[in-house]
Structure formats: C-alpha cells, structure tokens
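Chain residues, written in single-letter form:
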Amino acid sequence: MMRRVAILISGRGSNMTALIEAAAAESFPAEIALVISNKADAPGLATAQANGVKTLVIESKPFGKDRAGFEKLLQAALDDHQIELICLGGFMRLFTAEFVRRWYGRMLNIHPSLLPSFPGLDPHGQALRAGVKISGATVHFVIPETDAGPIVMQGAVPVSDDDTPDTLAARVLDIEHKIYPQALRLLATSGVQIVGEATRTSAGVCSDDNLIAPSVI
Ligand code: GAR
C-alpha cells in the first residue's frame, strides 16, 4: 500500500528532489503527496511543482513564537491531504513537543553529520574543527530535541585534509540523497521499529560496507 508522504522544506529542497525522484519509481512504497514550505520564496517549491507535486506555503514568520498557532494550520493541511508520514528536508522551524509526540515514529529528519556528533548549526565546521576523518549524514525519527532521535540510517564519507565546510557539505549532500529515499522506503514498508532510543531494521548490513580514511595504500 502506498503511504502518503508530505515533505516540509524551507529552502533549496535538494533532499526533497531526491525523495520525489525515488518515489517516481513504480515499485517505491510511498507517494510524495504534498510539499509544504514555511517560506514563500523557498526555491524547492518550483522544483516540486515542476515534478507535478502539489505544494502549499504556510508562512511561519507571522506566527513568531506562537508555534502552536502555526502547527494548527500545518496539521489541518496534513489532515486535508491524508498524510501518513512526514519527511523534513532542511525545514528550519522548531516544533512544539505536542506536535512531535503526535507524529512520533512517523516523522523523519535528515542531518548532515554522523549523529550524535555535531548536531545543530554548522555541522561541517564542527566536524572539521574536531578533526574527524569520516563524516556523513543521518536519517532519524524526530523527537523534541533538535537533531536527535532514534537513528534509521547513516551514510559515511571520508574527510580530507583540504576540505572546507563547503567541499565537505557537497560530499555529504551526495550521500544524503542516497540514504533519505532508502530510509523512507524502510519506514514505508514497516522495515524499521523503534526500540527504546534506537531502532531495529529488517535491512541487512554488508561485510564490504566499510570505509577507512585516510587511505594509506
Ligand atoms: C541538508 O544538508 C540537510 O541535511 C540539512 O539542511 C540541508 C537542506 O538542504 N538539515 C539540517 O541541517 C537539519 N538540522 P536541501 O534543502 O537541499 O535538502
């Protein structure tokens, strides 16, 4: 059964595009039924429309700190479109604990670091300052705390001595676009269960799935 998904964006929407493209395949178990932006000038809106996906703008700015007021409109739009799952794709607005509780287990976020390392702002700058040799991206269930929650999938990339936050961001973004559709596929097929603060999944791991950096040979 096709699960009805809404993607929430605030900007560019490249993860949104990756999800829309993956969901275009007939075998994909979810349908991107709606894209909602909290900013009218989000470039991702035009991309969604060009892909034939329905878009809505619910400006959050007029609500200021009234998060519940904004979420009332958001929830009404999600109800109107019979949305079952939410994917956040660079959605830059915090939720109330009540909204998060309502969607717990049905709302995913992607963050460009190997959580729990480097949550919040400037994850690539944080990674470079910490001197890690491997970074990556994490898809996780949303909880009230920012960039935290049961991890569904992670993808890793090497960090080079020459990296800047921009070059690292570009490498990580490629892996984001690979793992987000796979994580949504898992969720849409009930292939991932929350167990305490972690998850268990029906997907396997491959013994070749290793990454060592730097590479000496
Ligand atoms: C992505 O890199 C995503 O991981 C990040 O915002 C970017 C949005 O790009 N999200 C966070 O940092 C969440 N804390 P996109 O609009 O092109 O998908």
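Heads up: the structure comes first, above all this text.
Residues numbered from 1 in each chain as written. Predicted model: local features only at pLDDT ≥ 70, side-chain atom pairs only at ≥ 80, totals over all residues. Heavy atoms only, no water.

Visitor: For this particular structure, what's the right way to read the overall build of the chain?
Guide: In terms of regular secondary structure, the chain is built from six helices and nine strands. Whereas a compact globule of 217 residues would reach a radius of gyration of roughly 17 Å, the chain reaches 17 Å, a difference of no more than 12%. In terms of its C-alpha atoms, the chain occupies a principal-axis envelope of roughly 55 × 35 × 35 Å. Split into buried and exposed, the 217 residues of the chain put 47% on the buried side. Sequence-distant contacts, at least 24 apart, represent 62% of the contacts inside the chain between residues at least 6 apart. Per element, the accessible surface of the chain, about 11300 Å² overall, is 55% carbon and sulfur. Computed over 19 positive and 23 negative side-chain charges, the inter-centroid distance for the chain is 6 Å. (Helix = DSSP H or I, 4+ residues; strand = E, 2+ residues; numbered from the N terminus. Rg over C-alpha atoms; globule rule 2.2 N^0.38 Å. Buried < 20%, exposed > 50% of the residue type's maximum accessible area, 1.4 Å probe, protein only. Contact = heavy atoms within 4.5 Å. Areas by Shrake-Rupley, 256 points an atom, 1.4 Å probe, with all protein chains shown as cover. Lys, Arg positive; Asp, Glu negative; His and termini not counted. Charge placed at Lys NZ, Arg CZ, Asp CG, Glu CD.)

Visitor: Quick question: what am I supposed to make of the site of the ligand here?
Guide: Around the ligand, the surrounding shell consists of R12, G13, S14, N15, G89, G90, I110, H111, P112, D147, L173 and E176. Here an oxygen atom of the ligand and a side-chain polar atom of S14 are 2.6 Å apart. In the model, a nitrogen atom of the ligand is placed 2.8 Å from a nitrogen or oxygen of the D147 side chain. For the ligand, whose unbound accessible area comes to 450 Å², protein coverage reaches 86%. Partitioned by chemical class, the residues of the shell around the ligand number three nonpolar, six polar and three charged. (Near = heavy atom within 4 Å. Polar contact = N/O pair within 3.5 Å; in protein donor to acceptor, adjacent residues only side chain to side chain. Nonpolar A, V, L, I, M, F, W, Y, C, P; charged D, E, K, R; others polar.)

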